[in-house]
Amino acid sequence: MDIDLIFKIAAVGIIVSILNQVLVRSGREEQATMTTLAGLVVVLIIVVQKVADLFDLVKGLFHF
């Protein structure tokens, strides 16, 4: 596994958590929730791409 993947996910988490706290403290709870959901979607897209790469690797390994 590439260590950059872990750093990317951690960076997205840190940025989303900071934005969430700023938005909640300014009274914009709906936007904070949408920011959290957007961060979750970004991380899920990254993970799904890596899982697809893994499946392609396994498929190529077993010649399916």
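These lines cover the structure that appears in this document, whether it is placed above or below. Residues take numbers from 1 onward in each chain, read along the sequence in its written order. At least 70 in pLDDT is required for a residue's local features to be given in this predicted model, at least 80 for side-chain atom pairs to be given and counted, and no such filter applies to totals for whole chains, interfaces and linings, which use all residues. For side-chain calculations, the full set of non-hydrogen atoms in the structure is used, while hydrogens and water are omitted.

Our next topic: the overall build of the protein. Helix and strand content of the protein: 2 helices and 0 strands. Restricting the calculation to C-alpha atoms gives the radius of gyration, and the globule rule supplies 2.2 Å times the number of residues raised to the power 0.38. The C-alpha radius of gyration of the protein comes to 16 Å, more than 25% above the 11 Å expected for a compact globule of 64 residues. Projected onto its principal axes, the C-alpha positions of the protein cover 55 × 20 × 5 Å. Looking at the protein as a whole, 14% of its 64 residues are labelled buried. Residues counted as positive are Lys and Arg, residues counted as negative are Asp and Glu, and His and the chain ends are not counted. Each charge is placed at NZ for Lys, CZ for Arg, CG for Asp and CD for Glu. Put simply, the protein has 5 plus and 6 minus side-chain charges, and the middle of one group is 3 Å from the middle of the other. In this description a helix means any DSSP run of H or I spanning at least four residues, a strand means any run of E spanning at least two, and both kinds are numbered starting from the N terminus. Only protein chains enter the accessibility calculation, which uses a 1.4 Å probe; a residue is then buried when its area is under 20% of its type maximum, exposed when over 50%, and partly exposed in between.

Turning to a nonpolar patch on the surface, a few remarks are in order. On the surface, Val-47, Val-51, Leu-54, Phe-55, Leu-57, Val-58, Leu-61 and Phe-62 cluster together into a nonpolar patch covering about 770 Å² of accessible area. Within the secondary structure, Leu-61 is located in helix H2 (residues 29-62). Only residues above 30% relative accessible area that lack a salt bridge enter a patch, with like-charged residues linked at up to 9 Å and the nonpolar side chains Val, Leu, Ile, Met, Phe, Trp and Tyr linked at up to 5 Å. In this description, accessible areas are obtained by the Shrake-Rupley approach with a 1.4 Å probe, and a residue is regarded as covered only by the protein chains that are shown. We define a salt bridge as a side-chain nitrogen of Lys or Arg found within 4 Å of a carboxyl oxygen belonging to Asp or Glu.

The next point concerns H2. Expected helix span is taken as 1.5 Å per residue step, with the number of steps being one fewer than the number of residues. Compared with an ideal rise of 1.5 Å per residue, which puts 34 residues at 50 Å, H2 spans 49 Å between its outermost C-alpha atoms and is within 8% of the ideal. Those residues of H2 hidden inside the fold are in contact with helix H1 (3-25). Looking at the residues trailing H2, positive phi occurs at His-63, about 55°. Contact criterion: two residues are considered in contact whenever any of their non-hydrogen atoms come within 4.5 Å of each other.

On to H1. Given a rise of 1.5 Å per residue, 23 residues ought to cover 33 Å, and the 33 Å separating the end C-alpha atoms of H1 matches this to within 8%. Taken together, the buried positions of H1 are Leu-5, Val-12, Val-16 and Leu-23. On its buried face, H1 sits against H2. Once H1 ends, the next one or two residues include Gly-27, with phi positive near 85°.

You can see Val-58 is positioned in helix H2. The exposure class assigned to Val-58 is partly exposed, which follows from its relative accessible area of 33%. For Val-58 and Ala-10, which are 48 residues apart along the polypeptide, the C-alpha to C-alpha distance reads 27 Å.

Moving on: the packing of H1 against H2. The interhelical angle for the contact between H1 and H2, taken along N-to-C directions, is 170°, at an axis separation of 8 Å. When the axis of H1 is compared with that of H2, the two are roughly antiparallel. Of H2, the residues touching H1 (which contributes Leu-5, Ile-9, Val-12, Val-16, Leu-19, Asn-20, Leu-23 and Val-24) are Glu-29, Gln-31, Ala-32, Thr-35, Thr-36, Gly-39, Val-42, Val-43, Ile-46, Val-47 and Lys-50. Three classes are used, and their members are as follows: Ala, Val, Leu, Ile, Met, Phe, Trp, Tyr, Cys and Pro are nonpolar, Asp, Glu, Lys and Arg are charged, and the others, Gly among them, are polar. Residues of the contact of H1 with H2, tallied by class, amount to 12 nonpolar, 5 polar and 2 charged. Axis lines are fitted to C-alpha atoms, over the contacting stretch for helices. Their N-to-C directions set the angle, which ranges from 0 to 180 degrees. Oblique is the label for any angle not covered by the other classes, which are roughly parallel (under 35 degrees), roughly antiparallel (over 145) and roughly perpendicular (65 to 115).

From the geometry alone we can't say anything about function, so treat these as descriptive.
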